[in-house]
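Each chain, letter by letter, is given below.
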Amino acid sequence: MTGARTIGMRTIGATSSTLAAISLALPLLVSACTTPRNAAAPPETVALPADLELLDRPVRRQFETGLEALDRARSAEAGLGAAYGELGRLLQAYGYLDEARGAYRLARHHAPGEARWAHYLGRTALALGAWEEAEEAFSAVLELDPGRVAAIWGLARVAEELHQPERARELYERVRVARPRSAGALAGLGRLALARGDAAAARGLFEEALSRQPQAAELHYGLALAYRDLGDAERAAAHLARVPDRNVLHEPIVVEDVWMAELDRLRVGARTHDVRALRAAARGRHDLAAAEYRQSLAADPDRVYARYGLALALLALDRPGEAAAELRRLLEVEPRHAPSHLALGRALLRSGDPTAAERHLREAAALDPRGREATAELVALLERQGRTDEAERLRHGD
């Protein structure tokens, strides 16, 4: 690239013709724009990620192409809704949700009859915890496209988060009728059953969902909670063991959503593999997760997140020796990364090296005093070794 363009308070590389007439602002301006469709027009500003210049070259080129399209639409005073919407999809695909939300708001303003921009805004707002905006956006989708099942699921998720269990149940049931084999609807109904204290009903719903998506971590976690409440500690522990990384629980089971699936096809570069790996792990496909993380590391060997994810996938595949090797390599770069010490302690325990495991579990507990998992693992190890006095002192924080 042969030139540079100052955007807000930073500079990114660009060709001399790129972004020539595009006015961009900082994320603060975008996130401040909360104007509904029927109110005054939102400011014609959209944010770019501050770390754009650090992304892979193919990703930067995608953004440049999107901005050039926006420039042409502004010059022609036509097609602005699509231009803003496509830029929003790029931002959402790479995880820049606040910036994507601003772009989708502008897309809706310029193309209010286009349901997909409202839907993408709803999914983005849902991920950001902006429940009211998500509700308005999904409702708008259903006004334009009453049969859009993914939008009904979105409204159900909003109702669940807003503690409206009856409305959430009604909406999940609508999804279930439309998509009888939807694990997403069954998972939602299972969570509602758990919340109202009906562990038996929750167990049945989670088991039915598991028959459709057998490796889903969220379903195993839900069953662990249900069996715990039913007093079956053995089955609770068995299902909990199928959830090696609690981070995957932040990816709830969804219904089929063709518009969201399109985002996967937009991604290129190392970050693409990280996203795919996380989703594979959420489905219990740790073999696929490991493969994606390896591709991410091939593109960028210094990606700590990818190496940690690879180690967790290997642990889930019962390959503790390989997991330990990856974690040791990670700790050479990030020696104070408490989760890696914890994971390495677990890998070493499963490899038959309790002495080394104890050292890393103690390090994890020291680096993260509020974290209970390392302490719990350490207490269990000490008790197995007959060091009950030490275990008791540790349990009480001595």
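Note that the structure is predicted; figures quoted are calculated from it, not measured.

The next subject is the packing of helix H18 (residues 338-350) against helix H19 (residues 354-367). For the pair H18 and H19, the least separation of the axes is 8 Å and the interaxial angle reads 160°. Classified by the angle their axes make, H18 and H19 are roughly antiparallel. As for the relative orientation of H18 and H19, their crossing is left-handed in sense. The segment H18 lies against H19, with Ala338, His341, Leu342, Leu344, Gly345, Leu348 and Leu349 engaging Pro354, Ala356, Ala357, His360, Leu361, Glu363, Ala364 and Leu367. Class assignment for the residues of the contact of H18 with H19 results in 11 nonpolar, three polar and one charged.

What follows covers unusual backbone geometry. Even without glycine at this site, Glu77 takes up a positive phi of about 55°. Structurally, the position occupied by Glu77 is in the loop between helix H2 (57-76) and helix H3 (80-93).

In this model, the protein chain carries an average pLDDT of 84, and 86% of its residues clear a pLDDT of 70 or more. This stretch, residues 1-37, has a pLDDT under 50; its non-local contacts, to residues over four places away or in other chains, come to 82 contacts.

Evaluation of the coordinates by the stated rule reveals 36 salt bridges. The partner of Asp145 in a salt bridge is Arg148, and the shortest N-O contact between them spans 3.0 Å. For Asp145, a relative accessible area of 24% translates into the label partly exposed. Notably, a salt bridge pairs Arg319 with Glu322, separated by 2.9 Å at the nearest N-O pair. Take Arg319: its relative accessible area is 32%, and that puts it in the partly exposed class. If you follow the salt bridges from partner to partner, you end up with Glu86, Arg89, Glu114, Arg116 and Glu262 in one network.

Thresholds, definitions, all that
Residues numbered from 1 in each chain as written. Predicted model: local features only at pLDDT ≥ 70, side-chain atom pairs only at ≥ 80, totals over all residues. Heavy atoms only, no water. Axes fitted to C-alpha atoms, helices over the stretch in contact; angles between N-to-C directions. Helix = DSSP H or I, 4+ residues; strand = E, 2+ residues; numbered from the N terminus. Parallel < 35°, antiparallel > 145°, perpendicular 65-115°, else oblique. Left-handed = near helix turned anticlockwise from the far one by under 90°. Contact = heavy atoms within 4.5 Å. Nonpolar A, V, L, I, M, F, W, Y, C, P; charged D, E, K, R; others polar. pLDDT = per-residue confidence, 0-100. Salt bridge = Lys/Arg side-chain N within 4 Å of Asp/Glu carboxyl O. Buried < 20%, exposed > 50% of the residue type's maximum accessible area, 1.4 Å probe, protein only.

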